[in-house]
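# Working through the structure, step by step
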Amino acid sequence: MTQIGFVGLGKMGGNMVHRIRRDSEHEVVAFDFDEKAVKQAVKNGGAGASSLKDLVKQLDAPRMVWIMVPAGAPTQETVDKLAKLLDRGDTIIDGGNSKWTDDKRRAAELKSSGIEYVDVGTSGGVWGLEVGYCMMVGGPPKAVKRLAPILDVLAPTTNEQSAAAIGPRGWLRFGDSGAGHYVKMVHNGVEYGLMQAYAEGFDVFDKCEYELDNAKIAHLWGQGSVVRSWLCELAARAFEADGNGLEAIEGYTEDSGEGRWTIEDATAHDVPTPVITASLYERFRSRGNGDFADRVLAALRNQFGGHAVKSAPQSAAKPDSSTTAKPKAAAKPKAKSKAKAKAKARPKAGARAGGE
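Read on for an overview of the structure. (Residues numbered from 1 in each chain as written. Predicted model: local features only at pLDDT ≥ 70, side-chain atom pairs only at ≥ 80, totals over all residues. Heavy atoms only, no water.)

### As for unusual backbone geometry
Note the cis peptide between Ala-61 and Pro-62, where omega equals -10°. In this structure, Leu-246 takes a positive phi of about 50° despite not being glycine. Along the chain, the position of Leu-246 falls in the loop between helix 11 (230–242) and helix 12 (258–268). Of note, Asp-270 is a non-glycine position whose phi angle comes to about 55°, a positive value. (Helix = DSSP H or I, 4+ residues; strand = E, 2+ residues; numbered from the N terminus.)

Now the structure itself:
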């Protein structure tokens, strides 16, 4: 039996606590600033803590505390507070989406206190409770060995083709601190590219002459096709849930950072990543970024070739008293597409909805 503390009980953290208690005899002490989340963890079999200090107090030495909070300042703040509460021989595990360089720095800073640091790049999202989490691990071998019983219950059973290569469960240590999140970073960059390829393919279907059922196409592609994947299965679910045209969904896509970091590191090593880079830029454009560049292109085309430009809506046009050039003839407005006609309010002022 292994004991572990969990800090952060959101969609993934709460489900991870639930999976550990449901599928094993391991003990979990859980803390979150949201008291309702702590009560749910207790309902699922964990022990609740009222603070980080209370959580540490309930754990037996050598302690292990798994952090599942947003990357950046929230994670750093939690690590700093835990470092003052834990003792030599204890371990901090970061299962969020931290940048691998932050892991290396934290590991070095904690070393003087004798506290070990393990980074776990975790993939599986909200489905992890049901199917398990793929986990990419970095950190000292001894600390990872202590954590292994927890990783074993969180991870899915390895498929037959991969068992000989990585073992019976879906997790693997790749090296010292930072290695786990580095592999997860590139994993997310690849994910960006795969998602963009599916999105573009279905966009072609949406504009073609045939009346196609996107959900059925996605289901069919899962039956032995070269492009079958879990993402394709999720596409089928999305079309079934939100309709063939996804009219109720705004084409606005955020990014959590890993795609940017992948491109940054690839550039530092002179590795071309055109697909991942283009997919990240498409996310930027979905938020309305690129609108000014589009206007510059239209203006230049008008200047060198006399091509007509389309006038901006009166409410969006900004009068400029310093401009004396004659207004250009506006092109005849095109009919609005059915997707644009059904578009919802933009997510933030001035933003232009991307996608469809």
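Still more to cover.
### Some thoughts on helix 7 (residues 141–154)
With 14 residues, helix 7 extends 19 Å from end C-alpha to end C-alpha; this agrees with the ideal 20 Å at 1.5 Å per step. The largest bend in helix 7 is about 50°, located at Ala-148, with the proline Pro-149 one to four residues further on. (Expected span 1.5 Å × (residues − 1). Bend = angle between axes of the 7 residues up to and from the residue.)

### Re the side chain of Arg-283
Tracing the backbone shows Arg-283 in helix 13 (residues 274–286). No salt bridge is formed by the buried Arg-283; the nearest opposite charge belongs to Glu-191, separated by 5.2 Å. At a separation of 3.0 Å, a polar atom in the side chain of Arg-283 contacts the main-chain carbonyl oxygen of Glu-254. Filtering out sequence-adjacent residues up to four positions away, Arg-283 remains in contact with Tyr-192, Met-195, Thr-253, Glu-254 and Asp-255. (Buried < 20%, exposed > 50% of the residue type's maximum accessible area, 1.4 Å probe, protein only. Lys, Arg positive; Asp, Glu negative; His and termini not counted. Salt bridge = Lys/Arg side-chain N within 4 Å of Asp/Glu carboxyl O. Polar contact = N/O pair within 3.5 Å; in protein donor to acceptor, adjacent residues only side chain to side chain. Contact = heavy atoms within 4.5 Å.)

### With respect to the pattern of salt bridges
Counted under the stated rule, the structure contains 17 salt bridges. With a closest N to O distance of 3.3 Å, Glu-264 and Lys-99 form a salt bridge. In this pair, Glu-264 is assigned in helix 12 and Lys-99 in the loop between strand 5 (91–94) and helix 5 (100–111), connecting sequence segments 165 residues apart. Between Arg-106 and Asp-103 there is a salt bridge, with the nearest N and O atoms lying 4.0 Å from each other.

### Description of the nonpolar core
Counting 30 residues, the largest nonpolar core has Ile-4, Phe-6, Trp-66, Val-120, Met-135, Leu-147 and Leu-154 as its most contacted members. For this core, the secondary-structure elements that each account for two or more residues are strand 1 (3–7), helix 1 (11–23), strand 2 (27–31), helix 2 (35–43), strand 4 (64–67), strand 6 (116–123), strand 7 (134–138) and helix 7. Ranked by the residues each element gives to this core, the list is headed by helix 7, at eight residues. Among residues more than four places away in sequence, those in contact with Met-135 are Trp-66, Val-120, Gly-121, Thr-122, Leu-151, Leu-154, Ala-155, Gly-170, Trp-171 and Leu-172. Counting residues in each nonpolar core, the second largest holds 19 residues, with Val-7, Phe-31, Leu-52 and Tyr-117 among its members. (Core = buried A, V, L, I, M, F, W, Y, C linked by side-chain atoms within 4.5 Å.)

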